[in-house]
Amino acid sequence: MLPSFFDSVLQLIVRTSTDLPPDVRAAMKSSLGTEPGGTRSSQALTIIAQNIDLAVDTEGAICQDTGMPTFEVKTPVAANHIWMRQQIREAVAEATRRGKLRPNSVDSITGKNSGDNLGPGTPIVHFDQWERDEVEIKLILKGGGCENTNAQYALPVELPHLGRADRTLDGVRKCILHAVWQAQGKGCAPGAVGVSVGGDRTSGYTHAKEQLFRTLDDVNPDPRLAEVEASIMSTVNSLEIGTMGFGGKVTLIGCKIGALNRLPASFFVSVAYDCWAFRRLGVVLNASTGAIDHWLYRDPAHPISPMLDQAGFTRTGREISLHAPLTEETVRALKVGDVVMVSGRMFTGRDAVHSYLMKHEPPVDLRGSVLYHCGPVVAKEGDSWRITAAGPTTSIREEPYQGEIIKRYGVRAVIGKGGMGPKTLAALQEHGAVYLNAIGGAAQVYARSIKNVDGVSLLDFGTPEAMWHLTVEDFPAIVTMDAHGNSLHRDIERESGEHLAALST
Ligand code: SF4
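Residues numbered from 1 in each chain as written. Predicted model: local features only at pLDDT ≥ 70, side-chain atom pairs only at ≥ 80, totals over all residues. Heavy atoms only, no water.

Caption draft 1: Looking closely at the sheet that holds strand S7 (residues 191–197). Taken in spatial order, the four strands of this open sheet run S4-S9-S7-S8, and their pairing is mixed. The sheet is open, and its two borders are formed by strand S4 (151–154) and strand S8 (252–259), each paired with just one other strand. Averaged over all neighbouring strand pairs, the angle between strand axes comes to 15 degrees, with direction disregarded. When S4 meets strand S9 (residues 268–274), the two strands line up antiparallel, connected through four bridges. Opposite Ala-154, over in S9, you have Phe-268 as the bridge partner. Across the face of the sheet, helix H6 (residues 169–183) comes into contact with S4, S7, S8 and S9 while running at roughly 145 degrees to S4. Seen against the sheet, helix H7 (residues 201–210) touches S4, S7, S8 and S9 and runs at an angle of roughly 40 degrees to S9. (Pairing = 2+ DSSP bridges. Helix = DSSP H or I, 4+ residues; strand = E, 2+ residues; numbered from the N terminus. Axes fitted to C-alpha atoms, helices over the stretch in contact; angles between N-to-C directions. Contact = heavy atoms within 4.5 Å.)

What follows is the structure, given as C-alpha coordinates:
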(Lines give C-alpha, C1' and ligand atoms only; values in the text may rest on other atoms or scores of the structure.)
Protein backbone atom coordinates (compact mmCIF):
# COMPACT_ATOMS: atom_id res chain seq x y z
CA MET A 1 0.00 0.00 0.00
CA LEU A 2 1.02 3.67 -0.36
CA PRO A 3 2.27 4.83 3.06
CA SER A 4 1.85 8.59 2.41
CA PHE A 5 -1.51 8.42 0.61
CA PHE A 6 -3.67 9.32 3.63
CA ASP A 7 -1.48 12.33 4.57
CA SER A 8 -1.45 13.58 0.99
CA VAL A 9 -5.24 13.45 0.73
CA LEU A 10 -5.58 15.19 4.09
CA GLN A 11 -3.24 17.97 2.92
CA LEU A 12 -5.27 18.31 -0.26
CA ILE A 13 -8.53 18.68 1.68
CA VAL A 14 -7.11 21.21 4.15
CA ARG A 15 -5.55 23.36 1.45
CA THR A 16 -8.63 23.23 -0.78
CA SER A 17 -10.84 24.40 2.08
CA THR A 18 -8.54 27.23 3.15
CA ASP A 19 -6.72 28.57 0.10
CA LEU A 20 -8.31 29.55 -3.22
CA PRO A 21 -6.46 28.57 -6.43
CA PRO A 22 -4.46 31.32 -8.19
CA ASP A 23 -6.80 31.66 -11.19
CA VAL A 24 -9.79 32.31 -8.89
CA ARG A 25 -7.75 34.76 -6.81
CA ALA A 26 -6.73 36.59 -9.99
CA ALA A 27 -10.36 36.81 -11.15
CA MET A 28 -11.49 38.12 -7.77
CA LYS A 29 -8.69 40.65 -7.69
CA SER A 30 -9.67 41.84 -11.13
CA SER A 31 -13.32 42.11 -9.94
CA LEU A 32 -12.16 44.26 -7.07
CA GLY A 33 -10.41 46.57 -9.51
CA THR A 34 -13.49 46.76 -11.76
CA GLU A 35 -16.11 47.88 -9.22
CA PRO A 36 -16.01 51.63 -8.53
CA GLY A 37 -14.94 52.33 -4.94
CA GLY A 38 -17.58 53.13 -2.33
CA THR A 39 -20.32 51.05 -3.99
CA ARG A 40 -22.12 48.21 -2.20
CA SER A 41 -20.45 45.66 -4.47
CA SER A 42 -17.00 47.12 -3.92
CA GLN A 43 -17.45 47.08 -0.14
CA ALA A 44 -18.61 43.46 -0.35
CA LEU A 45 -15.63 42.54 -2.54
CA THR A 46 -13.26 44.13 -0.06
CA ILE A 47 -14.71 41.97 2.72
CA ILE A 48 -14.39 38.91 0.47
CA ALA A 49 -10.75 39.74 -0.31
CA GLN A 50 -10.02 40.24 3.37
CA ASN A 51 -11.68 36.90 4.06
CA ILE A 52 -9.54 35.10 1.46
CA ASP A 53 -6.38 36.49 3.08
CA LEU A 54 -7.53 35.60 6.61
CA ALA A 55 -8.34 32.03 5.61
CA VAL A 56 -4.82 31.44 4.26
CA ASP A 57 -3.11 33.16 7.20
CA THR A 58 -4.94 31.10 9.80
CA GLU A 59 -5.59 27.93 7.77
CA GLY A 60 -9.29 28.47 8.44
CA ALA A 61 -12.17 27.45 6.18
CA ILE A 62 -12.76 30.14 3.52
CA CYS A 63 -16.49 29.58 3.85
CA GLN A 64 -18.29 27.81 6.70
CA ASP A 65 -20.14 25.72 4.12
CA THR A 66 -17.35 23.41 3.03
CA GLY A 67 -19.78 21.77 0.65
CA MET A 68 -19.93 18.33 -0.86
CA PRO A 69 -16.38 16.96 -1.17
CA THR A 70 -16.08 15.65 -4.73
CA PHE A 71 -12.89 13.77 -5.68
CA GLU A 72 -11.84 12.89 -9.22
CA VAL A 73 -9.09 10.25 -9.04
CA LYS A 74 -6.98 8.84 -11.87
CA THR A 75 -4.79 5.84 -11.12
CA PRO A 76 -2.47 3.37 -12.86
CA VAL A 77 -4.31 0.25 -13.97
CA ALA A 78 -3.22 -1.96 -11.06
CA ALA A 79 -4.24 0.44 -8.25
CA ASN A 80 -6.53 -0.78 -5.47
CA HIS A 81 -9.58 1.49 -5.63
CA ILE A 82 -11.28 -0.13 -2.62
CA TRP A 83 -8.33 0.70 -0.36
CA MET A 84 -7.97 4.21 -1.82
CA ARG A 85 -11.65 5.00 -1.29
CA GLN A 86 -11.36 3.95 2.34
CA GLN A 87 -8.28 6.15 2.83
CA ILE A 88 -10.06 9.11 1.24
CA ARG A 89 -13.05 8.59 3.56
CA GLU A 90 -10.76 8.47 6.60
CA ALA A 91 -8.99 11.64 5.48
CA VAL A 92 -12.38 13.39 5.11
CA ALA A 93 -13.34 12.32 8.64
CA GLU A 94 -10.00 13.55 10.00
CA ALA A 95 -10.32 16.93 8.22
CA THR A 96 -13.78 17.23 9.78
CA ARG A 97 -12.40 16.42 13.25
CA ARG A 98 -9.82 19.16 12.74
CA GLY A 99 -12.50 21.71 11.82
CA LYS A 100 -11.32 22.14 8.21
CA LEU A 101 -14.59 20.67 6.92
CA ARG A 102 -17.98 21.35 8.48
CA PRO A 103 -20.03 18.23 9.28
CA ASN A 104 -22.27 18.38 6.23
CA SER A 105 -23.58 14.86 5.70
CA VAL A 106 -27.18 14.52 6.81
CA ASP A 107 -29.49 11.49 6.70
CA SER A 108 -32.07 12.54 4.12
CA ILE A 109 -34.98 10.93 5.95
CA THR A 110 -34.27 11.71 9.61
CA GLY A 111 -32.17 14.87 9.12
CA LYS A 112 -29.54 13.48 11.50
CA ASN A 113 -26.01 14.70 10.87
CA SER A 114 -23.41 11.90 10.74
CA GLY A 115 -20.91 14.32 12.29
CA ASP A 116 -17.94 13.17 10.20
CA ASN A 117 -18.99 13.91 6.61
CA LEU A 118 -19.39 10.21 5.90
CA GLY A 119 -22.59 8.55 4.80
CA PRO A 120 -24.30 7.07 1.77
CA GLY A 121 -23.17 9.22 -1.16
CA THR A 122 -20.73 11.34 0.87
CA PRO A 123 -18.03 12.03 -0.05
CA ILE A 124 -18.34 11.64 -3.81
CA VAL A 125 -15.34 9.77 -5.25
CA HIS A 126 -14.98 9.02 -8.97
CA PHE A 127 -12.17 6.74 -10.15
CA ASP A 128 -10.69 6.46 -13.59
CA GLN A 129 -7.64 4.65 -14.90
CA TRP A 130 -4.88 5.92 -17.11
CA GLU A 131 -1.64 4.62 -18.61
CA ARG A 132 0.58 6.88 -16.50
CA ASP A 133 2.55 5.65 -13.48
CA GLU A 134 1.23 8.28 -11.07
CA VAL A 135 -1.98 9.08 -9.20
CA GLU A 136 -3.87 12.31 -9.81
CA ILE A 137 -6.48 13.52 -7.33
CA LYS A 138 -8.59 16.60 -7.92
CA LEU A 139 -11.00 17.93 -5.33
CA ILE A 140 -13.81 20.45 -5.47
CA LEU A 141 -15.75 21.71 -2.43
CA LYS A 142 -19.02 23.19 -3.69
CA GLY A 143 -21.43 24.53 -1.11
CA GLY A 144 -25.19 24.14 -0.82
CA GLY A 145 -26.09 27.76 -1.65
CA CYS A 146 -24.58 27.60 -5.10
CA GLU A 147 -25.59 23.96 -5.61
CA ASN A 148 -29.22 25.02 -5.11
CA THR A 149 -28.89 27.50 -7.98
CA ASN A 150 -27.89 24.81 -10.52
CA ALA A 151 -30.31 24.55 -13.41
CA GLN A 152 -31.17 22.07 -16.14
CA TYR A 153 -33.10 22.88 -19.31
CA ALA A 154 -34.78 20.57 -21.83
CA LEU A 155 -34.71 22.37 -25.16
CA PRO A 156 -36.66 23.80 -26.87
CA VAL A 157 -37.94 25.89 -23.98
CA GLU A 158 -39.54 29.30 -23.44
CA LEU A 159 -37.48 31.41 -21.04
CA PRO A 160 -38.63 34.54 -19.21
CA HIS A 161 -37.19 37.72 -20.80
CA LEU A 162 -35.29 35.70 -23.44
CA GLY A 163 -38.01 34.01 -25.48
CA ARG A 164 -37.52 30.60 -27.05
CA ALA A 165 -34.26 28.71 -26.63
CA ASP A 166 -33.94 26.38 -29.61
CA ARG A 167 -31.71 23.33 -30.02
CA THR A 168 -28.83 25.49 -31.20
CA LEU A 169 -25.75 27.08 -29.66
CA ASP A 170 -27.76 30.29 -29.38
CA GLY A 171 -30.34 28.33 -27.37
CA VAL A 172 -27.48 27.11 -25.13
CA ARG A 173 -26.33 30.71 -24.67
CA LYS A 174 -29.82 31.76 -23.59
CA CYS A 175 -30.04 28.94 -21.03
CA ILE A 176 -26.72 29.99 -19.47
CA LEU A 177 -27.80 33.63 -19.27
CA HIS A 178 -31.10 32.58 -17.72
CA ALA A 179 -29.38 30.40 -15.11
CA VAL A 180 -27.07 33.25 -14.08
CA TRP A 181 -29.95 35.71 -13.91
CA GLN A 182 -32.05 33.30 -11.87
CA ALA A 183 -29.22 32.75 -9.37
CA GLN A 184 -29.06 36.49 -8.54
CA GLY A 185 -27.04 36.76 -5.29
CA LYS A 186 -28.25 33.45 -3.85
CA GLY A 187 -25.17 31.55 -5.04
CA CYS A 188 -22.79 34.22 -3.66
CA ALA A 189 -22.02 36.04 -6.89
CA PRO A 190 -19.72 36.68 -8.62
CA GLY A 191 -19.71 33.02 -9.56
CA ALA A 192 -18.56 30.73 -12.33
CA VAL A 193 -20.61 28.26 -14.36
CA GLY A 194 -19.75 24.81 -15.64
CA VAL A 195 -22.09 23.84 -18.47
CA SER A 196 -22.85 20.61 -20.26
CA VAL A 197 -24.63 20.44 -23.59
CA GLY A 198 -26.30 17.07 -24.13
CA GLY A 199 -25.96 13.79 -22.25
CA ASP A 200 -28.93 12.61 -20.22
CA ARG A 201 -30.18 14.33 -17.07
CA THR A 202 -27.67 12.53 -14.84
CA SER A 203 -24.55 12.62 -17.03
CA GLY A 204 -25.34 16.21 -17.99
CA TYR A 205 -25.09 17.45 -14.41
CA THR A 206 -21.96 15.40 -13.75
CA HIS A 207 -20.30 16.71 -16.89
CA ALA A 208 -21.29 20.29 -16.03
CA LYS A 209 -19.60 19.97 -12.64
CA GLU A 210 -16.51 18.47 -14.31
CA GLN A 211 -16.11 21.69 -16.32
CA LEU A 212 -15.41 23.46 -13.02
CA PHE A 213 -12.08 21.61 -12.87
CA ARG A 214 -10.88 23.72 -15.82
CA THR A 215 -9.01 26.91 -14.96
CA LEU A 216 -10.88 30.16 -15.45
CA ASP A 217 -8.32 31.45 -17.96
CA ASP A 218 -8.08 28.41 -20.26
CA VAL A 219 -9.50 28.40 -23.79
CA ASN A 220 -11.93 25.70 -24.88
CA PRO A 221 -10.27 23.40 -27.48
CA ASP A 222 -13.60 23.23 -29.35
CA PRO A 223 -13.81 26.56 -31.23
CA ARG A 224 -17.64 26.45 -31.33
CA LEU A 225 -17.85 26.17 -27.53
CA ALA A 226 -14.99 28.66 -27.10
CA GLU A 227 -17.09 31.17 -29.00
CA VAL A 228 -20.11 30.67 -26.74
CA GLU A 229 -17.92 30.96 -23.63
CA ALA A 230 -16.44 34.23 -24.94
CA SER A 231 -19.87 35.54 -25.90
CA ILE A 232 -21.23 34.84 -22.42
CA MET A 233 -18.26 36.48 -20.70
CA SER A 234 -18.46 39.56 -22.90
CA THR A 235 -22.17 40.14 -22.26
CA VAL A 236 -23.18 38.60 -18.94
CA ASN A 237 -21.82 41.37 -16.75
CA SER A 238 -24.23 43.81 -18.39
CA LEU A 239 -26.92 42.11 -16.27
CA GLU A 240 -25.48 44.20 -13.40
CA ILE A 241 -26.42 41.70 -10.71
CA GLY A 242 -23.06 42.32 -9.04
CA THR A 243 -21.47 40.89 -5.94
CA MET A 244 -24.00 39.17 -3.66
CA GLY A 245 -26.74 40.52 -5.97
CA PHE A 246 -26.14 44.06 -4.72
CA GLY A 247 -25.96 45.45 -8.29
CA GLY A 248 -22.59 46.06 -9.93
CA LYS A 249 -20.24 45.50 -12.80
CA VAL A 250 -19.11 41.90 -12.11
CA THR A 251 -21.63 39.05 -12.04
CA LEU A 252 -19.66 36.09 -13.43
CA ILE A 253 -15.94 35.27 -13.35
CA GLY A 254 -15.97 32.21 -15.61
CA CYS A 255 -17.99 30.12 -18.08
CA LYS A 256 -16.75 26.66 -19.09
CA ILE A 257 -18.75 24.50 -21.49
CA GLY A 258 -18.47 20.82 -22.47
CA ALA A 259 -20.59 18.67 -24.75
CA LEU A 260 -21.75 15.04 -24.64
CA ASN A 261 -23.62 13.05 -27.24
CA ARG A 262 -27.35 12.82 -26.58
CA LEU A 263 -30.41 10.85 -27.60
CA PRO A 264 -32.12 12.32 -30.67
CA ALA A 265 -35.22 13.05 -28.56
CA SER A 266 -33.37 14.93 -25.79
CA PHE A 267 -31.40 18.17 -25.69
CA PHE A 268 -30.40 19.05 -22.14
CA VAL A 269 -28.37 22.04 -21.08
CA SER A 270 -27.10 21.54 -17.52
CA VAL A 271 -25.59 24.41 -15.57
CA ALA A 272 -23.49 23.95 -12.43
CA TYR A 273 -23.11 27.29 -10.66
CA ASP A 274 -20.17 27.78 -8.32
CA CYS A 275 -19.73 30.75 -6.01
CA TRP A 276 -16.76 33.10 -5.64
CA ALA A 277 -15.49 30.68 -2.94
CA PHE A 278 -14.53 28.40 -5.80
CA ARG A 279 -12.47 25.81 -3.92
CA ARG A 280 -10.75 23.49 -6.34
CA LEU A 281 -7.27 22.00 -6.10
CA GLY A 282 -5.39 18.88 -7.07
CA VAL A 283 -2.26 16.84 -6.46
CA VAL A 284 -0.18 14.34 -8.38
CA LEU A 285 1.13 11.53 -6.18
CA ASN A 286 4.02 9.12 -6.49
CA ALA A 287 2.36 5.80 -7.40
CA SER A 288 4.61 3.80 -5.05
CA THR A 289 4.56 5.97 -1.93
CA GLY A 290 1.49 8.18 -2.28
CA ALA A 291 3.64 11.24 -1.47
CA ILE A 292 2.78 14.52 -3.21
CA ASP A 293 4.96 14.97 -6.27
CA HIS A 294 3.42 18.32 -7.22
CA TRP A 295 0.28 20.42 -6.86
CA LEU A 296 -2.14 21.12 -9.70
CA TYR A 297 -3.47 24.62 -10.46
CA ARG A 298 -0.45 26.15 -8.71
CA ASP A 299 2.70 27.51 -10.25
CA PRO A 300 5.53 27.13 -7.71
CA ALA A 301 7.29 30.07 -9.37
CA HIS A 302 4.42 32.33 -8.28
CA PRO A 303 3.88 32.24 -4.52
CA ILE A 304 0.56 33.50 -3.23
CA SER A 305 0.40 37.22 -2.74
CA PRO A 306 -2.23 38.81 -0.48
CA MET A 307 -5.49 39.96 -2.08
CA LEU A 308 -5.41 43.27 -0.23
CA ASP A 309 -2.55 45.65 0.34
CA GLN A 310 -4.49 47.51 3.03
CA ALA A 311 -6.33 46.63 6.21
CA GLY A 312 -9.51 45.39 4.53
CA PHE A 313 -13.00 46.76 5.19
CA THR A 314 -12.57 50.44 5.92
CA ARG A 315 -15.34 52.56 7.32
CA THR A 316 -16.70 55.50 5.38
CA GLY A 317 -18.16 57.12 8.49
CA ARG A 318 -21.72 56.52 7.23
CA GLU A 319 -22.08 53.12 8.92
CA ILE A 320 -24.86 52.85 11.49
CA SER A 321 -24.11 51.09 14.78
CA LEU A 322 -26.85 48.79 16.02
CA HIS A 323 -26.89 47.34 19.52
CA ALA A 324 -29.07 44.28 20.06
CA PRO A 325 -31.67 43.80 21.41
CA LEU A 326 -33.24 46.27 18.99
CA THR A 327 -36.28 48.49 19.38
CA GLU A 328 -38.99 48.89 16.77
CA GLU A 329 -38.13 52.58 16.48
CA THR A 330 -34.46 51.84 15.66
CA VAL A 331 -35.40 49.31 13.06
CA ARG A 332 -38.03 51.45 11.35
CA ALA A 333 -35.45 54.23 10.96
CA LEU A 334 -33.30 52.00 8.72
CA LYS A 335 -33.62 52.00 4.96
CA VAL A 336 -32.36 49.91 2.06
CA GLY A 337 -28.69 50.65 1.33
CA ASP A 338 -27.70 51.50 4.91
CA VAL A 339 -24.51 49.80 6.04
CA VAL A 340 -24.82 48.66 9.65
CA MET A 341 -22.38 47.35 12.25
CA VAL A 342 -24.22 45.04 14.64
CA SER A 343 -23.09 44.51 18.23
CA GLY A 344 -24.65 42.65 21.15
CA ARG A 345 -26.54 39.34 21.34
CA MET A 346 -27.30 37.35 18.20
CA PHE A 347 -28.89 33.89 17.75
CA THR A 348 -28.20 31.57 14.85
CA GLY A 349 -30.99 29.61 13.24
CA ARG A 350 -31.45 27.94 9.91
CA ASP A 351 -33.66 25.20 8.47
CA ALA A 352 -34.11 22.95 11.51
CA VAL A 353 -34.54 25.86 13.95
CA HIS A 354 -37.15 27.56 11.75
CA SER A 355 -39.10 24.36 11.39
CA TYR A 356 -38.89 23.83 15.17
CA LEU A 357 -40.09 27.36 15.97
CA MET A 358 -43.25 26.83 13.93
CA LYS A 359 -44.32 24.10 16.37
CA HIS A 360 -42.60 24.99 19.67
CA GLU A 361 -41.88 27.98 21.86
CA PRO A 362 -38.33 29.29 21.35
CA PRO A 363 -35.70 28.12 23.84
CA VAL A 364 -34.74 31.80 24.44
CA ASP A 365 -36.61 35.11 24.48
CA LEU A 366 -36.46 36.40 20.91
CA ARG A 367 -38.08 39.81 21.51
CA GLY A 368 -35.92 42.49 19.89
CA SER A 369 -33.51 39.82 18.74
CA VAL A 370 -31.21 39.46 15.76
CA LEU A 371 -31.64 36.07 14.10
CA TYR A 372 -28.67 34.99 11.98
CA HIS A 373 -29.15 32.46 9.17
CA CYS A 374 -25.86 30.69 9.73
CA GLY A 375 -24.57 27.16 10.19
CA PRO A 376 -21.14 27.79 11.69
CA VAL A 377 -18.06 25.60 12.00
CA VAL A 378 -17.62 25.11 15.74
CA ALA A 379 -14.71 23.74 17.79
CA LYS A 380 -15.16 22.39 21.32
CA GLU A 381 -12.38 23.54 23.64
CA GLY A 382 -12.75 21.95 27.06
CA ASP A 383 -16.18 22.99 28.30
CA SER A 384 -16.50 25.93 25.95
CA TRP A 385 -17.07 26.45 22.25
CA ARG A 386 -15.28 28.51 19.65
CA ILE A 387 -16.72 29.49 16.28
CA THR A 388 -14.06 29.11 13.60
CA ALA A 389 -16.11 30.02 10.50
CA ALA A 390 -19.47 31.79 10.43
CA GLY A 391 -20.74 33.31 7.17
CA PRO A 392 -24.43 33.58 6.27
CA THR A 393 -26.46 30.85 4.60
CA THR A 394 -29.07 31.34 1.85
CA SER A 395 -32.14 32.90 3.43
CA ILE A 396 -34.80 32.12 0.86
CA ARG A 397 -35.12 28.58 2.27
CA GLU A 398 -36.75 30.11 5.36
CA GLU A 399 -39.31 32.09 3.36
CA PRO A 400 -42.23 29.78 4.31
CA TYR A 401 -41.55 30.37 8.03
CA GLN A 402 -39.85 33.74 8.50
CA GLY A 403 -42.85 36.08 8.53
CA GLU A 404 -44.68 33.98 11.11
CA ILE A 405 -41.59 33.77 13.35
CA ILE A 406 -41.10 37.55 13.21
CA LYS A 407 -44.75 38.04 14.13
CA ARG A 408 -44.95 35.46 16.92
CA TYR A 409 -41.68 36.12 18.71
CA GLY A 410 -40.81 39.77 18.00
CA VAL A 411 -37.61 39.23 16.03
CA ARG A 412 -36.36 42.67 14.86
CA ALA A 413 -33.57 41.78 12.44
CA VAL A 414 -32.86 38.78 10.26
CA ILE A 415 -29.35 38.39 8.83
CA GLY A 416 -28.61 36.11 5.91
CA LYS A 417 -27.70 36.24 2.26
CA GLY A 418 -29.50 36.40 -1.06
CA GLY A 419 -32.63 38.10 0.27
CA MET A 420 -36.14 36.85 0.98
CA GLY A 421 -39.52 36.96 -0.73
CA PRO A 422 -42.79 38.87 -0.53
CA LYS A 423 -44.16 37.12 2.60
CA THR A 424 -41.14 38.15 4.65
CA LEU A 425 -41.13 41.65 3.16
CA ALA A 426 -44.76 42.12 4.22
CA ALA A 427 -43.96 40.87 7.75
CA LEU A 428 -41.02 43.28 8.04
CA GLN A 429 -43.34 46.15 7.23
CA GLU A 430 -46.22 45.04 9.39
CA HIS A 431 -44.27 44.13 12.52
CA GLY A 432 -41.25 46.44 12.26
CA ALA A 433 -38.19 44.41 11.33
CA VAL A 434 -35.36 44.46 8.75
CA TYR A 435 -33.43 42.02 6.63
CA LEU A 436 -29.67 42.51 6.68
CA ASN A 437 -27.54 40.97 3.95
CA ALA A 438 -24.18 39.74 5.19
CA ILE A 439 -21.45 38.84 2.71
CA GLY A 440 -21.82 35.20 1.71
CA GLY A 441 -18.74 33.11 2.28
CA ALA A 442 -16.96 35.71 4.43
CA ALA A 443 -16.74 33.11 7.17
CA GLN A 444 -13.40 34.22 8.62
CA VAL A 445 -14.31 37.91 8.78
CA TYR A 446 -17.55 37.14 10.58
CA ALA A 447 -15.97 34.60 12.93
CA ARG A 448 -13.75 37.44 14.14
CA SER A 449 -16.81 39.60 14.89
CA ILE A 450 -17.96 36.93 17.35
CA LYS A 451 -16.54 37.81 20.73
CA ASN A 452 -18.12 35.03 22.73
CA VAL A 453 -20.25 31.92 22.46
CA ASP A 454 -22.67 32.42 25.36
CA GLY A 455 -24.57 29.18 24.97
CA VAL A 456 -26.30 26.81 22.62
CA SER A 457 -29.82 25.41 22.27
CA LEU A 458 -31.15 22.54 20.17
CA LEU A 459 -27.71 20.97 19.81
CA ASP A 460 -29.45 17.68 18.97
CA PHE A 461 -29.89 19.09 15.47
CA GLY A 462 -26.09 18.95 14.97
CA THR A 463 -23.64 21.84 15.22
CA PRO A 464 -24.53 23.59 11.93
CA GLU A 465 -28.28 23.49 12.69
CA ALA A 466 -28.21 24.27 16.43
CA MET A 467 -29.20 27.68 17.83
CA TRP A 468 -25.96 29.36 18.96
CA HIS A 469 -26.15 32.31 21.37
CA LEU A 470 -23.43 34.73 20.36
CA THR A 471 -22.06 38.07 21.47
CA VAL A 472 -20.86 39.99 18.43
CA GLU A 473 -19.08 43.28 17.91
CA ASP A 474 -19.18 45.38 14.74
CA PHE A 475 -20.64 42.69 12.53
CA PRO A 476 -20.93 44.38 9.07
CA ALA A 477 -24.05 43.96 6.92
CA ILE A 478 -26.21 45.91 4.49
CA VAL A 479 -29.93 46.63 4.83
CA THR A 480 -31.42 45.09 1.71
CA MET A 481 -35.07 44.80 2.85
CA ASP A 482 -36.51 47.44 5.15
CA ALA A 483 -39.67 48.05 7.17
CA HIS A 484 -41.06 50.39 4.49
CA GLY A 485 -41.72 47.73 1.88
CA ASN A 486 -38.45 48.23 -0.01
CA SER A 487 -36.34 45.32 -1.26
CA LEU A 488 -33.04 45.70 -3.08
CA HIS A 489 -33.34 42.05 -4.20
CA ARG A 490 -36.71 42.65 -5.85
CA ASP A 491 -35.36 45.79 -7.58
CA ILE A 492 -32.16 44.13 -8.85
CA GLU A 493 -34.12 41.14 -10.12
CA ARG A 494 -36.47 43.42 -12.05
CA GLU A 495 -33.70 45.62 -13.47
CA SER A 496 -31.47 42.69 -14.41
CA GLY A 497 -34.50 41.07 -16.07
CA GLU A 498 -34.73 44.15 -18.30
CA HIS A 499 -31.01 43.85 -19.13
CA LEU A 500 -31.55 40.15 -19.84
CA ALA A 501 -34.26 40.96 -22.36
CA ALA A 502 -31.76 43.20 -24.18
CA LEU A 503 -29.50 40.15 -24.61
CA SER A 504 -32.21 37.97 -26.12
CA THR A 505 -30.98 38.39 -29.70
S1 SF4 B 1 -19.66 31.29 -0.60
FE2 SF4 B 1 -21.89 31.23 -0.46
S3 SF4 B 1 -22.61 29.75 -1.99
FE4 SF4 B 1 -20.39 29.46 -1.68
S5 SF4 B 1 -20.31 27.81 -0.21
FE6 SF4 B 1 -20.18 29.73 0.93
S7 SF4 B 1 -22.30 30.25 1.50
FE8 SF4 B 1 -22.38 28.65 -0.07
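Caption draft 2: Representation of the site of the ligand within the structure. Neighbouring residues of the ligand: 13 residues in total, closest Cys-63, Cys-188, Cys-275, Arg-279 and Lys-417. By residue class, the composition of the shell around the ligand is six nonpolar, four polar and three charged. (Near = heavy atom within 4 Å. Nonpolar A, V, L, I, M, F, W, Y, C, P; charged D, E, K, R; others polar.)

Caption draft 3: Representation of the side chain of His-207 in the model. With respect to the helices and strands, His-207 occurs in helix H7. Leaving out residues up to four positions away in the same chain, His-207 has contacts with Ser-196, Gly-258, Ala-259 and Leu-260.

Caption draft 4: Local environment of the side chain of Ser-41. Position of Ser-41 relative to the elements: it lies in helix H3 (residues 40–58). Here the side chain of Ser-41 touches Thr-243 through a polar contact of 3.1 Å, landing on its backbone nitrogen. Each residue touching Ser-41, except ones within four places of it in the same chain, is listed here: Glu-35, Gly-242, Thr-243, Phe-246, Gly-247 and Gly-248. (Polar contact = N/O pair within 3.5 Å; in protein donor to acceptor, adjacent residues only side chain to side chain.)

Caption draft 5: Focus on the sheet that holds strand S11 (residues 292–296). Reading across the sheet, the five strands line up as S2-S1-S3-S10-S11 and stay open at both edges, with mixed pairing between neighbours. Here the strands that pair on one side only, and so sit at the sheet edges, are strand S2 (124–129) and S11. The average angle at which neighbouring strand axes cross in this sheet is 15 degrees, direction not considered. Bridging between strand S3 (residues 134–142) and strand S10 (residues 279–286) involves eight bridges; their strand directions are antiparallel. Considered in S10, the bridge of Leu-139 is made with Leu-281. Most of the contacts of helix H1 (residues 5–18) go to S10, to which it runs at about 160 degrees, and overall it touches strand S1 (68–75), S3, S10 and S11.

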